[in-house]
Amino acid sequence: MSGIPYAEVIGDPIAQSKSPLIHDFWLEALGLTGRYERHHVRPGDLAAYIDARRGDSDWRGCNVTMPHKAAVMDLVEDPGDVRGTIGAMNTVVRQPDGRLIGTNTDAAGFFAPLAELDLEGAPVVVVGAGGAARAVLFALARAKVGSVTILNRSPLKAMGLLAAFGLKGEALALDAPLPPAALLVNASSLGMSGQPPLDLDLAPLPGDAIVYDLVYSPLQTGLLAAAEARGLETVDGLDMLIGQAALAFELFFGAAPPEGRDDELRALLTA
């Protein structure tokens, strides 16, 4: 299939990724020649993978999912100082001269469903301290939220993240009681298919709180089911997935996704 531009998503595991469905839907809708694939890359193979793609003129780039969002920063150029700001890359784009540059579309994708809300000064809880959590904290800092509580297996690591993003708050163990918060975000893999569940008592959350789970496989996670049972507003992982994919699609294929097709895309992704 030489001569056909393509991009892909890499990770370990990767079979659960819905990114190919999204990008292929947009390519077909726009009538563009191209394809989007998934590629299983283990941590020990990441450097060799990047080297191999660097010389492929048909390769437009890749989305990067766990566990590579930090490691890939050592292998590509960083003109936007992603390392010094978010500290994790989720997108690599090949330039016409073969240079590879990294960026992060997660932060904007995460915040898109919340953009109309006034979160300034609001207390927030974030679960996790990995690459996705970094993008979330970056966006929350820009929104000037109030106190941020991070729940993580390693509270010490989480405390370092709060300091890195200039956020005030505290870091607690995963089994700590939730403080009252306007927004609860699961930025961990807990609750994902094949992973342990995220078991939180949502009772301390006020009735107008929003529960946002970045996990999209399954789409209806235990956390979202518990939130809906309490009558809380929820945001599922497809919102962030589609939002960050839209930014990456334009970088890979030089065109914005079609407008007015999100409902159709959601139906495809949840079929």
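This is a predicted model, so every value here is computed, not measured.

**A word on unusual backbone geometry**
Most peptide bonds are trans, and most residues other than glycine sit at a negative phi. Backbone torsion omega between aspartate 12 and proline 13 reads 10°, so that peptide bond is classified as cis. Position of proline 13 among the secondary structure elements: in the loop between β1 (6-11) and α1 (19-30). Here the residue pair serine 217 and proline 218 is connected by a cis peptide bond, since its omega of 10° sits within 30 degrees of zero. For proline 218, the location among the structural elements is in the loop between β10 (210-213) and α6 (222-229). Of note in the backbone geometry, aspartate 81 takes a positive phi value of approximately 55° without being a glycine. Residue placement: aspartate 81 occurs in the loop between β3 (59-64) and β4 (91-94). Positive phi, close to 60°, is recorded for lysine 144, a residue that is not glycine. Looking at where lysine 144 falls in the secondary structure, it is placed in the loop between α4 (131-142) and β7 (148-151).

**Description of the sheet that holds strand β6 (residues 124-127)**
Across the sheet, six strands lie side by side as β8-β7-β6-β9-β10-β11; this open sheet has parallel pairing. Looking along the sheet, the strands with just one partner apiece sit at the ends: β8 (169-172) and β11 (233-235). Adjacent strand axes in the sheet meet at a mean angle of 15°, parallel and antiparallel pairs treated alike. One ladder, built from four bridges, connects β7 with β8; its direction is parallel. The residue bridging leucine 151 from the neighbouring strand is leucine 172, located in β8. Sheet contacts for α4: β6, β7 and β9 (183-186); angle to β6, the most-contacted strand, approximately 165°. Set on the sheet, helix α5 (residues 155-164) makes contact with β7 and β8; between it and β8 the angle comes to about 160°.

Calculation notes
Residues numbered from 1 in each chain as written. Predicted model: local features only at pLDDT ≥ 70, side-chain atom pairs only at ≥ 80, totals over all residues. Heavy atoms only, no water. Helix = DSSP H or I, 4+ residues; strand = E, 2+ residues; numbered from the N terminus. Pairing = 2+ DSSP bridges. Axes fitted to C-alpha atoms, helices over the stretch in contact; angles between N-to-C directions. Contact = heavy atoms within 4.5 Å.

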